[in-house]
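Architecture and fold: a report
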Amino acid sequence: MSYLRNVFPVPKGYSLRSYLTAATAARAGDEMSGPALLLAGLAVTGSTTDSSTLLAGITVSAAVGGPVLGALLDRAGRPGRLLAGALALYATGLMVILAGLGRIPMACTLPLAVLTGLLGPALSGGWTAQLPRVAADARLSRANALDAMTFDVASLAGPALAGGVAELLGASTALALAAALITAAVPAAWRLPAGPVRDRGTRSAPVAGALAAGFRVVLRRPLLARATLTSVASCAAQGMLAACVPLIGAQWLGTAGRGVLLFSGAAVSALAANAVLARRPLTVAPDTVVRAGALVQAGALLLAATGRPVALVAAVLVLGIGEGPQLTALFAVRHRETPEHLRGQVFTTGASLKITAFALGVAVAGPLAAWSLPGTLALAAGTAAGGALALGRESV
């Protein structure tokens, strides 16, 4: 990737630190916005159905918005400015939803949530797709680990901030703070390095054609297809676990809140694992790490299914050790396997697929967990392991 230094000159004063700081703020705001929206909706409307419907609307629409946003980023001469606009519109959408709660009918507020959610992948894949323009050559491996750490920090800080601010200042203030964190990342996004100069034909080609080309890359490159499938299966398993967490707390630990607190430990161990990788990268291929991470997560879920408190603590620590390096390795595979002119689309499409898989995991596990908690955790383990073992060596 040595050519990237010439193709993507980094602006004077722009550094990897600027990228990581802004990415952390945007992703913490994103992680904060979900629970804050849920709490604000419940506080204003008094309806758990309305609040959960808003959250579902802003989450599920990302599956549609991701590929389109990625295609537009790939065609843009200054993708950072498009990314900045997406972040600003996402934050604005959150504030418009907040302003409409209790003042306009839910039938009008829900479409606003859906429209806002279309831009959600900008906070994940849209950012990461720009990383080679900031950290090329040998620095990219370390930068991948640091970028993955921003997700770990956000997953820890976001929900904690949402709950703490909602408790002290109200749920509406928590949602406003989430929007402010996302807005704070706009200047750094605006200043991201320019993309390569494209001919007029490329820039004016139909978006549908670009979308098809992006999906073809994912499907026809075996290593990329396998890493994508494995990561999507892992996210589905994580969604199943998320649906089980309150019941794990209530049935095995005494209170539902203890379950939520316990499983925040997975984010801590994921952050620690990625911190180690940032200093001492693994020598094995990232493809192997993606699959191994899924198998480690499967083992952790089986350990959690025993229901013993000590085993649960061990399970969440092991779970994070699988999740953190897997995300870092997934970024490495995508950067390596994706043509530069389709990188934005592949990253945002991947983010969309993972968001959708997580939501489906929650939907499937919700009713199953009430029937059998150990059985649901075993199913989650099987899902993660299945993703790791699918598309075997013959596809390489």
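Now for a look at the structure at hand. (Residues numbered from 1 in each chain as written. Predicted model: local features only at pLDDT ≥ 70, side-chain atom pairs only at ≥ 80, totals over all residues. Heavy atoms only, no water.)

1. Quick look at a nonpolar patch on the surface
Among the surface-exposed residues, Val68, Leu72 and Leu82 lie close enough to one another that they form a single nonpolar patch of about 190 Å² accessible area. With respect to the element layout, Leu72 can be found in helix α4 (residues 62–75). Exposure remark for Leu72: the relative accessible area of 35% places this residue in the partly exposed category. (Patch = residues over 30% accessible without salt bridge, like charges linked within 9 Å, V, L, I, M, F, W, Y side chains within 5 Å. Areas by Shrake-Rupley, 256 points an atom, 1.4 Å probe, with all protein chains shown as cover. Salt bridge = Lys/Arg side-chain N within 4 Å of Asp/Glu carboxyl O. Helix = DSSP H or I, 4+ residues; strand = E, 2+ residues; numbered from the N terminus. Buried < 20%, exposed > 50% of the residue type's maximum accessible area, 1.4 Å probe, protein only.)

2. Section: the nonpolar core
Of all hydrophobic cores here, the largest spans 53 residues; its most connected members are Leu16, Tyr19, Leu87 and Trp127. Those elements that place two or more of their residues in this core are α2 (16–45), α3 (48–60), α4, α5 (79–100), α8 (139–169), α9 (171–184), α10 (186–190) and α15 (265–279). The dominant element in this core, judged by the number of residues it contributes, is α2, at ten residues. Leave out the neighbours within four places in its chain, and Leu16 touches Leu131, Val134, Ala135, Ala143 and Leu146. One finds Ala300, Leu301, Ala365 and Ala384 within the second-largest nonpolar core, a separate group that totals 28 residues. (Core = buried A, V, L, I, M, F, W, Y, C linked by side-chain atoms within 4.5 Å. Contact = heavy atoms within 4.5 Å.)

3. Details of the environment of Leu253
Residue placement: Leu253 occurs in helix α13 (residues 222–253). Residue Leu253 is classed as buried on the basis of its relative accessible area, which comes to 18%. Considering only alpha carbons, one finds Leu253 and Leu312, 59 residues apart in sequence, at a separation of 9.6 Å. Aside from chain neighbours lying at most four places away, what touches Leu253 is Ile248, Arg258, Gly259, Leu262, Pro309 and Leu312.

4. Here's the deal with the pattern of salt bridges
The final tally for this structure, using the stated rule, is four salt bridges. In this structure, Arg133 and Glu340 form a salt bridge, with 3.2 Å as the shortest nitrogen-oxygen distance. Of the two residues, Arg133 sits in the loop between α7 (125–128) and α8 while Glu340 sits in the loop between α17 (309–337) and α18 (343–371), which places them 207 residues apart along the sequence. Given a relative accessible area of 6%, Arg133 falls into the buried group. For Asp287, the salt bridge goes to Arg336, with nearest N and O atoms at 2.8 Å. With a gap of 49 residues between them, Asp287 in helix α16 (residues 286–304) and Arg336 in helix α17 connect regions that are remote in the sequence. One network of salt bridges, in which partners are shared, links Asp287, Arg336 and Glu337.

5. Details of α8
Between its first and last C-alpha atoms α8 spans 42 Å; for 31 residues at 1.5 Å apiece the expected length is 45 Å, and the two agree. Downstream of α8 by one or two residues, Gly170 has phi in the positive range, about 105°. (Expected span 1.5 Å × (residues − 1).)

6. A word on the packing of aromatic side chains
Overall, the coordinates contain three aromatic pairs when judged by the stated rule. Relative to Phe347, the ring of Phe331 has its centre 6.2 Å away and its plane inclined at 45°; by these criteria the two rings are tilted. On the criterion of sequence distance, the pair formed by Phe331 in helix α17 and Phe347 in helix α18 is long-range, its members being 16 residues apart. With respect to burial, Phe331 and Phe347 carry one shared label: buried. The structure contains a cluster of three or more aromatic residues connected by ring pairs, namely Phe151, Phe331 and Phe347. (Phe/Tyr/Trp six-rings, centres within 6.5 Å; stacked < 30°, edge-to-face > 60°.)

7. Some thoughts on the environment of Leu261
Among the secondary structure elements, Leu261 is positioned in helix α14 (residues 256–263). With a relative accessible area of 63%, Leu261 lands in the exposed category. It is 9.9 Å that separates the C-alpha atoms of Leu261 and Pro246, two residues lying 15 residues apart in sequence.

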